[in-house]
Structures are given as C-alpha cells and as structure tokens.
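This is what each chain is made of:
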Amino acid sequence: MSLFVAEGLTYAVNSEPLVSDASFALEPGALTMLVGPNGAGKTTLLRLALGLLKSDSGRAMLDGQEVTTLAPVQRARKIAYLPQQRPLVWPQPVQDIVALGRFAYGAAPGRLSTEDEVATARAIAACDLEGFEERAADTLSGGELSRVHLARALAAETPLLVADEPVAALDPRYQHEVLRIFSKAASEGQSLLTVVHDLSLAARYADRLIWMKDGRIVADGTPRDTITSDRLKAVFGVEARVNAAGDCAISLEILGPA
Amino acid sequence: MTRLSSVLAGGLLAALILSLLLGSVPLPLERVLGAIAFQASAGDQLVVWQIRLPRSLTAAIVGAALGMSGAALQGLLRNPLAEPGILGVSATAALFATFVLHFRLATAGPLVLPAAAVAGALLATLIVAAAALRNRSVVTLILIGVGLSSFSAALMALLMNLAPDPFSLTDMVNWMLGTVANRSFEDIAFAAPFLLAGIIVMLLTRRGLSALALGEETAEGLGLNLKMQRLGVIIGAGLATGAAVALAGSIGFVGIVAPHLVRPFVRYDPARLLIPSAILGALLLVLADIGVRLLPTDNELKLGVVASLIGAPIFVWIASRRRLA
C-alpha cells in the first residue's frame, strides 16, 4: 500500500479552477519533485495534500486515512511541511527553532523529552548546523536560515516531508547542499514531495517528476522518461536541448522561450 | 517557577511593601507589618487594609493583566508593538464606562461602573472572536479592532460633547486618565473572576504561541489548530484586559513595555514570555503608582498619565530597534 494517495483532488476559487482532478501516489524512500510553471497550482496541490485546504472533490489519503479527518497533531506526526514563506519575527536561537519541529509530540522550546532532544540534535547534524545551536536567527545568512527551517522539518521525523520551493533564492552551492540532504533522507526511507523550479536540479536529484500545467497533472514518471524537449515546450513554453545519452544523469540546456 | 520569574516576584513583593509605607499618614515598617498581621491599632489597620493595600494590589493586578495580555497578543499577531487594547477591547470598555458616567448611573451602586466596563470588554471580545471564526486573516482582526476603537472613541467624544454639566465631564475625563486610587477589595473581588478566567485561558494557549513564531502556515503544518489558538488568545486577553480597564480605566504601554523587556531573558520564546511579563507588568505599575504618590504636585497625577509619559518614548525606542522585519 502506498504511504500517500491523492485521488481526483479538485479545488476552485470563485469557480476559477486552481487544481483539477489531480491523482498521484507517494511511496516511502523516494524523492518526488513537483514541476510546472508559475501559477500551475503546485502550492495549492501541496496544501490540499496536507489537508490545510479542503478540496471541493476528491480526497487525500495518508496511511489509509483521509487527511482532513485527522486531528492537526496526528497529521503533523506523519507529514512535515516546509512552506515557501517562512517569516520569523523573533531573533530566536537555532536550537529553539529546530525544536519546534517536535511540536506535534507535545514539545516546546525549553521543554523537550529525551526523544525530542535526540531528534532535534539529529536534524541539526543532518543539516550541518552543529555549532550554530545558540546563534540568533537574525545573524544567519539566507542559506544558513533555509537549512535551519529544513532541520525544523526533519526534526519531526515524519514518514512524509512536503516542501514548497526549498531551494528558491539560494546560491548554487546551497541548492545542491539542500537537495543532497533531501536525497539522503529519501535513501533512509523517508518519502519527500517538493516543488523545485530549477529543472537541471530536478533532473539531477529527483527519483520521480510530477509535471503540472493549468492545475492538472500532465505527466508523472522518472526524469529520464519524462524530460523531453517536446514536454518542456508544452509545459513551460521553452526551447530546450535534452541530453539523455548513456547511463549518467540526464542534463538539459534551456535555449530560450519557444 | 523560573529564576527570572522568582527574581521579578521578589522585586514585586518589595515594591508592594514599599508602597504600603507611603501615604499622608506616616507609618513606619513595623506598624505596617503589624497592621497586615492584625496586630496593630484599629487606625493603622484601617489605613493599611482599607486604603493602601487595595490600591497597591489593584496596581499589581492591573499591571499583571496588561503585561500578560500584551505578551499573548504580541505572540498571536507576531508583532512586538501589539498592545492589550489593539483589538478594541479597552476602548469599548471605556465607552461603556463613559456612558454610565454621562447618565449618572454610577450612583445606583458601587459596581455599576466596573460592570459596565466589563460588559463593554465582553462585547468587543465577542465581536472580534466571531470575526476570527469566519475569517482567515489576522490583519482583518486588527482592522476590526482599529474600527471598534475609533468608533468607541467617537462615541465617547460625543458623550463628552453632550455632557449635561461640568461635573460629569470631569468624572469622564478623570476616569479615562486611569488611576488605582480609592479602590476597594470589593472592586478587586468583582474583577477577579474575569481576570482569573482570562489568565487561565491565555496560559492554556501558550504552547501554540511558540509555534506561531515560525509563521501561521508553518504553525498549522506543525499541528497547531489556528482557529482555536486565535479564539483562546482573543478571549483570554479580552477578559483580562476588560477586568483591568474596569479596575483602573485606561492605562497604556505597560502591555507593550513589559513583554519587550522580558523577551531576551526567555530566549525570545512567546510561550515562556507570559508569566514573567505579567509579574514585570505588576512591578512596573506598582512602582509607577509609588512615583505618582511621591511627586510633589498640587493635584495627584493619574497613574495612566504617568504610565503613558514613561511608556510612549519606550514604545518609539522599541519600534526603532526591531531586529527582524
């Protein structure tokens, strides 16, 4: 049985469809990336999958239970969510921000069980933040801060992690660092679903790509099977050269608007 | 109790004892302590139990209510400049009190005035809570609060404009300036249930305030029930602030300044902020009330006036030093 199944998820605002009839399943141990142009409905689909939005029709099932029927805390113990907007207001220390990942287990900053402390320390280590524990959030660079948020999401140690553009606005080194953390988590059995805009990064790190356009899923498969110059033109409206020869990871070069 | 709270509580106790030593009749420490223990003369006991202790306790209670409400609302609205009255509770409570004074209804009984203020606070709390149930945006709640405050202020100005005589106008103005002078244990007992209920509700919601530090969307992802969290803070802060306004009229800035001063000592955690903010709020207001009594002015200054004179510059200082956008 799949860890997560979406069946015909549909959501409209003022009869303007944002997501139409989206179905997909997620298995443990896979890094799945959601790709598509701006406005394709990726963030809405993530929020529907999380149960933060209630779909007009269709359902999202987690371990055989519909997510909207789960109590928020029950859901949060199974799905960690890293939203696109991550606004901090207080200059809190890194340790306390990451510890909030344990919220669904009854933890709060300064009130952690041994299990919470171990999970927090593990997440801090996984994101290479040792030594930063007592640093205030407002003294960190954008790259460091994004790793702090990622560590917060990992600290929940959920079967599924959903992330919305975790590498946007990061320099190339940090983009690769973050996606390597994702790959490692997948290789350790976690299922990850993330929106990524950089198709080269998607081609390189994703086990599977879900393509969206105009609120619909238009393709679903491995990078090798789904990245074609025809599809890039149809979904993104770009002219691209795809190099899928040999056994190595496929690469692509975007030449310009189609 | 944390070390910070213990230190603040010690300071509060010392300030309360100091405040009992001050007044028009000079009473040395041993006579004050004797009066507290019912071991002194009837006159001393009267001064301490009927006049000084109710006044000092009122200052402490009002400060605590405003300090905790400010801390909880700042956590909910994710803004260090939010104050207990931001959702319109204080202004609506003040409007109802002004109404009572305008129509000379306060003569009907000693509790008419605080009861009216509490009713106003409850009405505003209900309106904002109903809006929170229907609406997803916290900005909408703030705007409703601003609207309620402006409308209440306009109606209060109208009542003053139409004041039947100079005496009722003076009553209204004096009440609005905010004071804890001449309060009795009956006043405190009347406000206590609202205050206690408010504090308990706020303390029940405090872990959610920690989650909100990361933003509303992340907090929901962490498993926070955002709607219940908002309702809890709105109702808790509404009850406590309403009780404070009923006891002392409008006292500004304590609710902003106390949480701000405490925040660095609790690692900027909105949950651990609540209790020390309440104790510091109490301490600040007891000290300010001592100041009011020591200043050699012809008319005794009102506590609310002094609190604003000190608090407003600190407000500007806080606003200019914000570290995160």
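Keep in mind that what you see is a predicted model, and the values were worked out from it rather than measured.

Residue and element names in this part refer to chain B. Interaxial distance between helix α4 (residues 89-102) and helix α7 (residues 166-177) falls to 9 Å at its minimum, and their mutual angle equals 155°. If you check the angle between α4 and α7, you find them roughly antiparallel. As for the relative orientation of α4 and α7, their crossing is right-handed in sense. Here Ala93, Ala94, Ala97, Thr98, Leu101 and His102 of α4 lie close against α7, whose contacting residues are Ser168, Asp171, Met172 and Trp175.

All names here are of chain A. Taken in spatial order, the 4 strands of this open sheet run β2-β1-β4-β5, and their pairing is antiparallel. Pairing within the sheet leaves two strands with one partner each, and these edge strands are β2 (16-26) and β5 (65-66). The pairing of strand β4 (residues 57-62) with β5 spans 2 bridges and is antiparallel. Along β5, the bridge assignment pairs Met61 with Glu66.

On to the domain arrangement of chain A, then. Reports of interface size often rely on the accessible area that becomes lost once the parts have come together. Residue and element names in this part refer to chain A. Per the domain assignment, the segments making up chain A are domain 1 (1-78 + 159-174 + 186-223) and domain 2 (87-157). With centres defined by C-alpha atoms, the gap from domain 1 to domain 2 works out at 24 Å. Contacts between the two partners involve 8 residues from domain 1, matched on the other side by 11 residues from domain 2. It is Arg77, Leu161 and Tyr174 that lose the most area in domain 1 upon contact with domain 2, and together they represent 56% of the buried surface on that side. For the pair domain 1 and domain 2, the number of links is 0 salt bridges. Seen at the junction of domain 1 and domain 2, the total is 1 residue pair in polar contact (both at pLDDT 80 or more). Classifying every residue of the side of domain 1 that touches domain 2 gives 6 nonpolar, 1 polar and 1 charged.

In this section: the interface of chain A and chain B. Counting residues at the interface gives 35 residues for chain A, matched by 29 residues for chain B. Of the roughly 2900 Å² buried between chain A and chain B on both sides combined, carbon and sulfur atoms contribute 57%. Looking at the side of chain A facing chain B, the largest losses of area belong to Val89(A), Trp90(A) and Phe103(A), adding up to 28% of the total buried there. Joining chain A to chain B, the criterion identifies 4 salt bridges. Between Glu134(A) and Arg267(B) there is a salt bridge; the shortest N-O distance is 2.9 Å. Scanning the region where chain A abuts chain B turns up 10 residue pairs in polar contact (both at pLDDT 80 or more). When residues of the side of chain A that touches chain B are assigned to their parent elements, the largest contribution, 4 residues, is made by helix α2 (residues 72-76) of chain A.

So, about the nonpolar core. In this structure, Met33(A) and Ile251(B) are the most contacted members of the largest nonpolar core, which totals 144 residues. Here this core spans two domains, since at least three of its residues come from each of domain 1 (1-78 + 159-174 + 186-223) and domain 2 (87-157) of chain A. Beyond its immediate stretch of four places on either side in the chain, Met33(A) contacts Leu179(A), Thr194(A), Val196(A), Leu201(A), Ala202(A), Tyr205(A), Ala206(A), Arg208(A), Leu209(A) and Ile210(A). Within the second largest apolar cluster, 30 residues are counted, among which are Leu3(A), Leu45(A), Ala49(A) and Leu50(A).

A few words now on the packing of aromatic side chains. In this structure the tally under the stated criterion is 7 aromatic pairs over all chains. A ring pair is formed by Trp49(B) and Phe185(B), whose centres lie 6.1 Å apart and whose planes are at 40°; its orientation type is tilted. Here Trp49(B) is found in helix α3 (residues 42-77), whereas its partner Phe185(B) is found in helix α8 (residues 185-204), with 136 residues between them in sequence. Among the residues examined, Trp49(B) registers a relative accessible area of 23% and is labelled partly exposed. Residue classification places Phe185(B) among the partly exposed residues on the basis of a relative accessible area of 31%. Ring plane angle 55° and centroid distance 4.8 Å describe the contact between Phe99(B) and Phe103(B), whose orientation is recorded as tilted. Using a relative accessible area of 42% as the deciding quantity, one classes Phe99(B) as partly exposed. With a relative accessible area of 45%, Phe103(B) lands in the partly exposed category. Taken together, the aromatic side chains of Phe38(B), Trp49(B) and Phe185(B) make up a single cluster linked through ring pairs. One Lys or Arg, Arg231(A), reaches over the ring of Trp211(A) and ends 5.9 Å from the middle of that ring. Cation over ring: Arg263(B) sits above Trp90(A), and NZ or CZ is 4.0 Å from the ring centre.

All names here are of chain B. Structurally, Gly255 can be placed in helix α12 (residues 254-262). In this structure Gly255 comes out as buried when scored by relative accessible area, which is 2%. Taking the C-alpha atoms as reference, Gly255 lies 9.9 Å from Leu280; in sequence the two are 25 residues apart. Ignoring sequence-local partners within four residues, the contact set of Gly255 consists of Leu66, Gly67, Gly70, Ala71, Gln74, Ala82 and Pro84.

Moving on: helix α6 (residues 138-161) of chain B. The α-helix winds at 3.6 residues per turn, so residues separated by three or four positions along the chain end up facing the same way. Residue and element names in this part refer to chain B. Compared with an ideal rise of 1.5 Å per residue, which puts 24 residues at 34 Å, α6 spans 35 Å between its outermost C-alpha atoms and is within 8% of the ideal. Turning to α6, its buried residues are Val138, Leu141, Gly145, Leu148, Ser152, Met156, Leu159 and Met160. Between a side-chain oxygen at the N-terminus of α6 and the backbone nitrogen of Val139 the separation is 3.1 Å; the capping residue is Ser137.

Residues and elements named next belong to chain B. A cluster of nonpolar side chains, contributed by Leu13, Ile17, Leu29, Leu33 and Ile36, occupies part of the molecular surface with about 400 Å² of accessible area. Breaking the nonpolar patch down by element, the ones donating at least two residues are α1 (3-21) and α2 (29-36). Among the elements that take part in the nonpolar patch, α2 stands out by supplying 3 residues, more than any other. With respect to the helices and strands, the residue Ile36 is situated in helix α2. The exposure class assigned to Ile36 is partly exposed, which follows from its relative accessible area of 31%.

Rules used in this analysis
- Numbering of residues begins from 1 in every chain and follows the order in which that chain's sequence is written.
- Here the convention is simple: chains get letters from A, ligands get numbers from 1, in the order in which they are written.
- With the structure being a predicted model, the display of local features is reserved for residues of pLDDT at least 70 and the display and counting of side-chain atom pairs for 80 or more, all residues being used for whole-chain, interface and lining totals.
- Based on all heavy atoms of the structure, the side-chain values leave hydrogens and waters out of the count.
- Only C-alpha atoms enter the line fits that serve as axes; for helices the fit covers just the stretch in contact. Angles between N-to-C directions range over 0 to 180 degrees.
- Strands here mean DSSP runs of E at least two residues long; helices mean DSSP runs of H or I at least four residues long; both are numbered from the N terminus.
- Any angle between 65 and 115 degrees counts as roughly perpendicular, while under 35 counts as roughly parallel, over 145 as roughly antiparallel, and the rest as oblique.
- Definitions for this section: a left-handed crossing has its near helix turned counterclockwise from the far helix by less than a right angle. A right-handed crossing has that turn clockwise.
- Residue contacts are counted whenever heavy atoms from the two residues lie within 4.5 Å of one another.
- When DSSP finds two or more bridges between two strands, those strands count as paired.
- Note that the domain bounds were set by an automatic or database domain assignment.
- When two parts are brought into contact, each loses some accessible area as probed by a 1.4 Å sphere; the total of that loss over both is the buried area.
- We define a salt bridge as a side-chain nitrogen of Lys or Arg found within 4 Å of a carboxyl oxygen belonging to Asp or Glu.
- Here a polar contact is recorded for every N or O atom pair within 3.5 Å, except that within protein the pair must consist of a potential hydrogen donor and a potential acceptor, and residues adjacent in sequence are included only if both atoms are side-chain atoms.
- Each residue is assigned to one of three groups, with Ala, Val, Leu, Ile, Met, Phe, Trp, Tyr, Cys and Pro labelled nonpolar, Asp, Glu, Lys and Arg labelled charged, and all others, Gly among them, labelled polar.
- Nonpolar core, defined: a set of buried Ala, Val, Leu, Ile, Met, Phe, Trp, Tyr and Cys residues in which side-chain atoms within 4.5 Å join the residues together.
- Accessibility here uses a 1.4 Å probe with only protein chains present; expressed as a share of the type maximum, an area under 20% marks a residue as buried, one over 50% as exposed, and anything in between as partly exposed.
- Stacked, tilted and edge-to-face are the three classes applied to pairs of Phe, Tyr and Trp rings, where Trp contributes its six-membered ring and a pair requires centres within 6.5 Å; stacked means planes under 30 degrees apart, edge-to-face means over 60, and tilted covers the rest.
- Remark: a charge is flagged as sitting over a ring if the NZ atom of Lys or the CZ atom of Arg is within 6 Å of the ring centre and within 35 degrees of the ring normal.
- What a helix is expected to span follows from its residue count: subtract one and scale by 1.5 Å.
- The patches described consist of residues with a relative accessible area above 30% and no salt bridge, like charges being joined within 9 Å and nonpolar side chains (Val, Leu, Ile, Met, Phe, Trp, Tyr) within 5 Å.
- Each accessible area value is a Shrake-Rupley result obtained with a 1.4 Å probe; residue values ignore everything except the protein chains displayed when judging cover.

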